Amino acid sequence: ELKVEQNPLFLSMQEGKNYTIYCNYSTTSDRLYWYRQDPGKSLESLFVLLSNGAVKQEGRLMASLDTKARLSTLHITAAVHDLSATYFCAVRGTSGSRLTFGEGTQLTVNP
Amino acid sequence: NAGVTQTPKFQVLKTGQSMTLQCAQDMNHNSMYWYRQDPGMGLRLIYYSASEGTTDKGEVPNGYNVSRLNKREFSLRLESAAPSQTSVYFCASNSVSQETQYFGPGTRLLVL
């Protein structure tokens with residue numbers, strides 16, 4: 001059974017600081033997804049990481065994937081208040097298109 | 001192009017009542033999914049449909065049934081609602097060529 005764990009689950013940080021969210025998963029996969037969810041809203045796709053060593057960047061967010069370590073990171077650079085949200089990673093198993101989600105990391109960026 | 005739409009947005013049920021949550025997508029996607037989201041538990045897959053005419057159980061299917069009515073529509077039915085089914089329900093879809101799943105706005109369900 002595929003398990004996905006994120007840490008930290010809660011993150012409070014100051015504007016201008018850097019931080020990293022970690023996503024570990026338990027079995028082989030080469031597809032990892034990052035989503036953002038604002039309070040009371042739906043999920044918005046941020047990144048799709050398709051292979052080992054993949055790195056993608058959008059603004060102050062950068063995601064990477066290490067399939068050998070079964071680890072993805074979401075790095076936040078010089079955080080701003082607008083980044084406050086819950087971030088989910090999700091992993092596709094080896095059969096079919098089903099995704100298994102992590103518990104989510106609730107990020108709060110304080111002025 | 002509306003993407004993924006869900007109805008209703010909110011619903012309050014009494015224990016034992018039944019209801020159907022509707023989902024439709026206009027992106028010509030093959031695969032559709034139903035998730036539930038509970039605090040601290042991320043999203044859990046209830047049922048999915050890899051293509052028109054097929055449905056499969058996900059992680060938490062008990063108490064639910066689904067129908068893939070056609071390529072566009074995928075409904076979720078609660079035959080006899082229980083308080084444990086109080087949750088936010090999301091529908092999602094994707095195609096074979098598109099890697100990411102697109103999510104609907106969600107249905108907030110309260111079972112008293």
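In what follows, the structure referred to is the one given above.
Residues numbered from 1 in each chain as written. Chains lettered and ligands numbered in written order. Predicted model: local features only at pLDDT ≥ 70, side-chain atom pairs only at ≥ 80, totals over all residues. Heavy atoms only, no water.

## So, the overall build of chain B
And then number 1: The secondary structure content of chain B amounts to 0 helices and 11 strands.
And then number 2: Going from N to C terminus, chain B has its helices and strands arranged as β-β-β-β-β-β-β-β-β-β-β.
And then number 3: For 112 residues, the compact-globule estimate of 2.2 N^0.38 gives 13 Å, and chain B sits close to it at 13 Å.
And then number 4: Taken along the three principal axes of its C-alpha coordinates, chain B extends 40 × 25 × 25 Å.
And then number 5: Evaluated residue by residue, chain B yields a buried proportion of 48% over its 112 residues.
And then number 6: Just so you have it, chain B exposes about 5,100 Å², and 51% of that area is on carbon and sulfur atoms.
And then number 7: Taken as two groups, the 10 positive and 8 negative side-chain charges of chain B have centres that lie 8 Å from each other. (Helix = DSSP H or I, 4+ residues; strand = E, 2+ residues; numbered from the N terminus. Rg over C-alpha atoms; globule rule 2.2 N^0.38 Å. Buried < 20%, exposed > 50% of the residue type's maximum accessible area, 1.4 Å probe, protein only. Areas by Shrake-Rupley, 256 points an atom, 1.4 Å probe, with all protein chains shown as cover. Lys, Arg positive; Asp, Glu negative; His and termini not counted. Charge placed at Lys NZ, Arg CZ, Asp CG, Glu CD.)

## Observations concerning the overall build of chain A
And then number 1: Looking only at helices and strands, chain A has 0 helices and 11 strands in total.
And then number 2: Helices (α) and strands (β) of chain A occur, in sequence order from the N terminus, as β-β-β-β-β-β-β-β-β-β-β.
And then number 3: Taking 111 residues into account, the globule formula puts the C-alpha radius of gyration at 13 Å, and chain A, at 13 Å, falls close to it.
And then number 4: The dimensions of chain A, computed from C-alpha atoms along their principal axes, are 45 × 30 × 20 Å.
And then number 5: The burial tally for chain A puts 44% of its 111 residues in the buried class.
And then number 6: For chain A, the proportion of contacts with a sequence separation of at least 24, taken over those separated by at least 6, is 54%.
And then number 7: For chain A, the exposed surface amounts to about 5,600 Å²; the carbon and sulfur share of it is 47%. (Contact = heavy atoms within 4.5 Å.)

## Focus: the pairing of strand β2 (residues 10–14) of chain A
Along any regular strand, the residues point their side chains to alternate faces of the sheet.
Residues and elements named next belong to chain A.
And then number 1: Because side chains alternate across β2, one face comprises the buried residues Leu-11 and Met-13, and the other comprises Phe-10, Ser-12 and Gln-14, none of which is buried.
And then number 2: Looking at chain direction, β2 and strand β11 (residues 105–110) are connected through 5 bridges and run parallel. Across the sheet, residue Leu-11 finds its bridge partner in β11, namely Leu-107. (Pairing = 2+ DSSP bridges.)

## Thoughts on unusual backbone geometry
And then number 1: Between Asn-7 of chain A and the following residue, Pro-8 of chain A, the backbone shows a cis peptide bond with an omega angle of 0 degrees.
And then number 2: Omega for the bond connecting Thr-7 of chain B with Pro-8 of chain B falls within 30 degrees of zero, at -5 degrees, which places this linkage in the cis form.
And then number 3: Along the polypeptide, Pro-8 of chain B turns up in the loop between β1 (4–7) and β2 (10–13).
And then number 4: Positioned with a positive phi, Arg-70 of chain A is a non-glycine residue whose angle comes to about 55 degrees.
And then number 5: Following the sequence through the fold, Arg-70 of chain A ends up in the loop between β7 (61–66) and β8 (71–76).
And then number 6: Among the residues examined, Arg-70 of chain A registers a relative accessible area of 32% and is labelled partly exposed.

## A few points about the packing of aromatic side chains
And then number 1: Applying the stated criterion to the full structure yields 10 aromatic pairs over all chains.
And then number 2: Residues Tyr-35 of chain A and Phe-101 of chain A carry aromatic rings whose centres are separated by 5.8 Å and whose planes lie at 40 degrees to one another, so their mutual orientation is tilted. Of the two residues, Tyr-35 of chain A sits in strand β4 (residues 32–37) while Phe-101 of chain A sits in strand β10 (residues 99–101), which places them 66 residues apart along the sequence.
And then number 3: Under the relative-accessibility criterion, Tyr-35 of chain A is labelled buried at 0%.
And then number 4: Seen from their ring centres, Phe-101 of chain A and Phe-103 of chain B are 6.2 Å apart, and the 80 degrees between their planes marks the pair as edge-to-face. Of this pair, Phe-101 of chain A sits in strand β10 while Phe-103 of chain B sits in strand β10 (residues 102–103), placing the two residues on different chains.
And then number 5: For Phe-101 of chain A, a relative accessible area of 7% gives the class buried. (Phe/Tyr/Trp six-rings, centres within 6.5 Å; stacked < 30°, edge-to-face > 60°.)

## What to know about the state of the cysteines
All names here are of chain A.
And then number 1: Scanning the model with the defined rule gives 2 disulfides over all chains in all.
And then number 2: Between the sulfur atoms of Cys-23 and its disulfide mate Cys-89 the distance is 2.0 Å. Handedness of the Cys-23-Cys-89 disulfide follows from its S-S torsion of about 80 degrees: it is right-handed. Here the residue Cys-23 occupies a position in strand β3 (residues 19–25), and Cys-89 occupies one in strand β9 (residues 85–92), the gap between them amounting to 66 residues. (Disulfide = S-S within 2.5 Å.)

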